[in-house]
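Results of the structural survey
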Amino acid sequence: MAPAGRGAAIDPRDVLEVLARTTSDGPARHADDRRGVTVAAEEADDGGLVHLERLPARRARTTPWPDDLPDALVERLRADGVEQLWSHQAETLALARKGRHLVLATGTASGKSLAYQLPALEALHLDDRSVVLHLSPTKALAHDQLRALRQLRLPWLRAAVLDGDTPREERAAIRRTANWVLTNPDLLHASLLGDHQRWADVLHRCRAVVVDESHVARGVFGSHVALVLRRLRRLLERYGADPVFLLASATVGNPGEHASALTGLEVTEVVRDGAPRGPSHLGLWLPPLEEDGERRRSTLRETGELLAAFVGAEVQTLAFTRSRKGAEVIAAIARERLGDTIDAAGVPLADAVAAYRAGYLAEDRRALEAGLRDGRLRGGAATEALELGIDVSGLDAVLLAGWPGTTAAFWQRVGRAGRRGTASVAVLVAQEDPLDHYLVLHPRALLTRDPEDAIVDPGNPYLLGPHLRCACQEAPLDDEEAARWFGPTAPDLLAAEVAAGRLRRRDGRHFWTGRHRAASEVGLRSTGGTPVRIVDAGTGQVIGDVDEVRAHRQVHTGAIHLHQGRVLRVAALDLDAHVALVEDAGTSELTTRPRTDTDVQVLATEERTDWGDIEVAVGRVEVTSRVTGYEVLRVGTGEVLERIDLDLPPTELRTVAVWWSIPEGLLDDDGLAPQRVPGSLHAAEHAAIGMLPLLALCDRWDLGGLSTALHPDTGRPTVFIYDGVPGGAGLAERSYRRLPEHLSATRATIATCRCVAGCPSCVQSPKCGNGNEPLDKEGAVRVLDLLLTRAP
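Residues numbered from 1 in each chain as written. Predicted model: local features only at pLDDT ≥ 70, side-chain atom pairs only at ≥ 80, totals over all residues. Heavy atoms only, no water.

1. Observations regarding the overall build of the chain
Of the regular secondary structure elements, the chain holds 26 helices and 32 strands. Out of the 792 residues belonging to the chain, those deemed buried represent 56%. Long-range contacts, defined as pairs at least 24 residues apart, comprise 72% of the intrachain contacts of the chain with a sequence gap of at least 6. With the model as given, the accessible surface of the chain reaches about 32100 Å², and the carbon-plus-sulfur share is 48%. (Helix = DSSP H or I, 4+ residues; strand = E, 2+ residues; numbered from the N terminus. Buried < 20%, exposed > 50% of the residue type's maximum accessible area, 1.4 Å probe, protein only. Contact = heavy atoms within 4.5 Å. Areas by Shrake-Rupley, 256 points an atom, 1.4 Å probe, with all protein chains shown as cover.)

In structure tokens form, the structure reads like this:
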């Protein structure tokens, strides 16, 4: 296959020719490493398919059905084609029977649901008055699990969904009759725990707690969920229940550690996957450079054309992208490319391609799923947000429009193809991002790397304080009990809450003083503060909200805001009322980017390492930021059309940072004159932020940074990378612990990018508050070399 070339259209025959290769006897321009075929380095950056990996099939490891499982259950499952258990399912059952808390972390389509269902259903068979409390991260997934449970048609199983849409009268019926209650952490936090007297009998009878897709509970959201689970366990104990916790996770790097941090319990890992897997081909695709040689073709267009290529060759394909608008664009491009092409039955192929995203009615979503299952729908474009709610298997091919952010998500999406054990194809199409660029040009780093660690920090005081208020409302809390359930810092936080007048202390116990529910002040999916509501100025309808800490950047006056395919402009931001009024923007060709001034003050150095005469440290910092204005840019080209000033107050963030301080003389000795230092540090900072998701489950929007040629607290040229949430999220600390690995990958992605002065694939950042100025790409490589040659 010849390289696609700059701006070249994608030929379906070329795609299928290369993706069909299974041996190393291709043209000399490919190098064979016995596992995959890689385009020569000097040609790879021209674009197109740069690597093709052969993933071998894997045999199943099976175990006969245990003789003591309920006959009716085994018969139902055998009728569905489950003749034996896979080894990890049998291991899960055996551990749960011993009362062990466990986390099952195996691949996509490995039968995790059945694994945790077996011990829970067995417990209900022994006593159908027992209760299983099942937590799902999304409503859609809870309803899918409800459907699967009801299809078992077990006489002792009474399953029901409890979420924000459940009518009050149905909630009463669920309390009386259901023994498998499917809900989500948000409702558990906002309603059930605060109203626990009504649910006392359900909590008393609880024998198992299922936490499905537990890897989603990471970062700030995961830390909130960890505190909700501690509040749940406290109430379960008060009602005399001691359930087993069963967690199901994607393949993260630290499943046991994460599950223990999430629940506060000792958790056993089940990680050896016994499920079979069909043979597969994995392609890595780099969009070719445009004619200007500085930007690459649109990831969405490349993905849409690839989708058309596969559908045109009768390969059923699903493309994943990050945004709802992206899903619609990919589907539209595919339909446009297919044109009037018809299949053997005379059906227009363009009619067999659809977008699949949030916002559709449930019946429309189920119809799309049914179309993919029965083959009427040949191609689809889906948002990643729907990954947890989708019920589709057995696809021929999967396309990923950009790196999905984590290794776990990558393999989960790849696993959507060939789920019946048949051969399949997956293609990752890189977007303009340093991490994407690095991974597609370093296939071994992608294919052999361990999954990222999932990090939660239930001790974050900015999160723990509000949850302590919730716990005090649920049942008065003394210092000893607070330390037992919520950690050693909890008593001091309770004292601070008393001093602030939010709690009252009497007879050694702490009571909630408010007239409203304490949980109403805590959003599990926010970073704290009062959210800013986004209000449609035409209708007065609240269409969303944004965290207070992010509002200045995201919904300042004049900002372009996307909502369910609509392009809106912020007409006014009222910080006192916490409201952003939006109106139709009138065009989809413009976007905005805020300009900011940022200062970092070091409050405390927690740990420090000297790399020769370079200081590397991690510690607590205060970040002061002020949005000074914004730029209006043309979508697609990034051309700056206008710069507009704003007058907004500064915001303060106390968080955790990692930083490196380099002596000025060292930079000068290496040939970096003083005028080049700011751009060199700035470029290194951008690229390092873009590469940190290699080490932890996060993306660059969870992080911030500052580079300066002279910092007052260090007295040296310094680069800071900090967690973008109050109190920190463990990300900067993870960089500090693995800094040589972090900086090596950062250097590689800059050095291998063929742009001249820096581009979005290496050192430019979409969130830079200084308009990506100044940047010195070559200087950034020198800075990183200075660090790495002195690394321990």
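There's plenty left to go through after this.
2. Description of the packing of aromatic side chains
Using the criterion set out here, one finds three aromatic pairs in the structure. Within the aromatic cluster, the residues linked to one another by ring pairs are Trp403, Phe410 and Trp411. Note that arginine 175 overlies the ring of tryptophan 199, its terminal NZ or CZ placed 5.0 Å from the centroid. Taking NZ or CZ as reference, arginine 506 lies 4.5 Å from the ring centre of phenylalanine 511, over its face. (Phe/Tyr/Trp six-rings, centres within 6.5 Å; stacked < 30°, edge-to-face > 60°. Lys NZ or Arg CZ within 6 Å of the ring centre and 35° of its normal.)

3. Remarks on unusual backbone geometry
Note on backbone geometry: most residues besides glycine have negative phi, and most peptide bonds are trans. Omega for the bond connecting glutamate 773 with proline 774 falls within 30 degrees of zero, at -10°, which places this linkage in the cis form. Tracing the chain through its elements places proline 774 in the loop between α25 (739–751) and α26 (777–788). For arginine 153, which is not glycine, the phi dihedral falls at a positive 55°. Backbone geometry places glutamate 213, a non-glycine residue, at a positive phi of 50°. Examined against the element boundaries, glutamate 213 turns out to sit in the loop between β10 (206–211) and α10 (219–238).

4. Considering a positive patch on the surface
Together, Arg238, Arg504, Arg506 and Arg509 line one region of the surface with positive charge. Inspection of the secondary structure puts arginine 509 in strand β21 (residues 509–512). Overall, arginine 509 belongs to the partly exposed group, its relative accessible area being 39%. (Patch = residues over 30% accessible without salt bridge, like charges linked within 9 Å, V, L, I, M, F, W, Y side chains within 5 Å. Salt bridge = Lys/Arg side-chain N within 4 Å of Asp/Glu carboxyl O. Lys, Arg positive; Asp, Glu negative; His and termini not counted. Charge placed at Lys NZ, Arg CZ, Asp CG, Glu CD.)

5. What to know about the sheet that holds strand β20 (residues 503–506)
Pairing within the open sheet is antiparallel, and its three strands lie in the order β19-β21-β20. Every other strand in the sheet has two partners, leaving β19 (477–478) and β20 as the edge strands with one partner each. Looking at chain direction, β19 and β21 are connected through two bridges and run antiparallel. Looking across to β21, one finds that aspartate 478 is bridged to arginine 509. Across the sheet, helix α18 (residues 461–474) lies against β19, β20 and β21, angled at about 95° from β21, the strand it touches most. Packing against the sheet, helix α20 (residues 490–499) makes contact with β19, β20 and β21, and its axis sits at approximately 110° to β20. (Pairing = 2+ DSSP bridges. Axes fitted to C-alpha atoms, helices over the stretch in contact; angles between N-to-C directions.)

6. Some points on the environment of arginine 505
Topologically, arginine 505 is positioned in strand β20. Sequence spacing of arginine 505 and proline 476 is 29 residues, and the spatial spacing of their C-alpha atoms is 9.3 Å. Once residues within four sequence positions are removed from consideration, arginine 505 is found in contact with Asp479, Val498 and His510. A distance of 3.5 Å separates a polar atom in the side chain of arginine 505 from a polar atom in the side chain of aspartate 479. Side-chain polar atoms of arginine 505 contact the side chain of histidine 510, separated by 3.0 Å. (Polar contact = N/O pair within 3.5 Å; in protein donor to acceptor, adjacent residues only side chain to side chain.)

7. Re the confidence of the model for the chain
Per-chain confidence: the chain averages 86 in pLDDT, with 90% of residues scoring 70 or above. For residues 1–15, every residue scores under 50 in pLDDT, and the model assigns this stretch 34 contacts once sequence neighbours within four places are set aside. Contacts from residues 20–34, a stretch scored under 50 in pLDDT, to residues over four places away or in other chains number 27 contacts. (pLDDT = per-residue confidence, 0-100.)

8. A few points about the sheet that holds strand β26 (residues 579–584)
Strand order across the open sheet formed by five strands is β23-β22-β26-β25-β24, with mixed pairing between neighbours. The sheet is open, and its two edges are formed by β23 (542–546) and β24 (560–563), each paired on a single side. Ignoring strand direction, the axes of neighbouring strands in this sheet form an average angle of 35°. For strand β25 (residues 566–574) and β26, the ladder comprises six bridges, and the chain directions are antiparallel. In the strand pairing of β26, arginine 569 is matched with glutamate 583.

9. Describing the pairing of β24
On β24, burial follows the alternation: His561 and His563 on one face are buried, whereas Ile560 and Leu562 on the facing-out side are not. Here four bridges tie β24 to β25, and the two strands are oriented antiparallel to one another. Across the sheet, the residue bridging to histidine 561 is leucine 568, located in β25.

10. A closer look at the nonpolar core
Grouped burial of nonpolar side chains is what soluble globular proteins tend to show. Counting residues in each nonpolar core, the largest one holds 98 residues, and the members touching the most others are Phe486, Trp660 and Leu787. For this core, the leading source of residues is helix α23 (residues 677–691), giving eight residues. (Core = buried A, V, L, I, M, F, W, Y, C linked by side-chain atoms within 4.5 Å.)

11. With respect to the environment of glycine 771
Position of glycine 771 among the secondary structure elements: in the loop between α25 and α26. In this structure, the C-alpha to C-alpha distance between glycine 771 and arginine 595, residues 176 residues apart in sequence, is 6.8 Å. Every residue in contact with glycine 771, bar those within four places of it in the chain, is listed here: Arg593, Arg595 and Glu631.

12. Quick word on the environment of leucine 307
With respect to the helices and strands, leucine 307 occurs in helix α12 (residues 299–312). For the pair formed by leucine 307 and alanine 397, sequence separation is 90 residues and the distance between their alpha carbons is 9.3 Å. Excluding its chain neighbours within four sequence positions, the residues that come into contact with leucine 307 are Thr317, Ile330, Ala334, Val353, Gly379, Gly380 and Leu399.

13. What to know about helix α7 (residues 168–177)
Taken together, the buried positions of α7 are occupied by Arg171, Ile174 and Arg175. Projected onto a plane normal to the axis of α7, the buried residues spread over an arc of 100° and lie on a single side. Away from its buried face by more than 90 degrees, α7 exposes Glu169 and Arg176. Considering only its buried residues, α7 is in contact with β8 (159–161), β9 (180–183), α8 (185–192) and α9 (200–204). (Arc of directions from axis to C-beta.)

14. Overview of the side chain of glutamine 117
Along the chain, the position of glutamine 117 falls in helix α5 (residues 112–126). Given a relative accessible area of 8%, glutamine 117 falls into the buried group. If we skip the residues at most four places from it in the chain, glutamine 117 touches Gln145, Leu149, Leu152 and Trp180.

15. Looking at the pattern of salt bridges
Per the stated rule, a full pass over the model turns up 39 salt bridges. Ionic pairing is found between aspartate 165 and lysine 139, a salt bridge with its closest N-O pair at 3.2 Å. Here lysine 139 lies in helix α6 (residues 139–151) and aspartate 165 lies in the loop between β8 and α7, a separation of 26 residues in the sequence. You can call aspartate 165 exposed: its relative accessible area is 57%. On the basis of relative accessibility, which here comes to 37%, the residue lysine 139 falls in the partly exposed class. The salt bridge partner of glutamate 474 is arginine 231, with a shortest N-O separation of 2.5 Å. Of this pair, glutamate 474 sits in helix α18 while arginine 231 is found in helix α10, placing the two residues 243 residues apart along the sequence. The exposure class assigned to glutamate 474 is buried, which follows from its relative accessible area of 7%. Arginine 231 sits in the buried class, given a relative accessible area of 1%. Beyond isolated ion pairs, a larger network of salt bridges with shared partners links Arg297, Arg301, Glu302 and Glu305.

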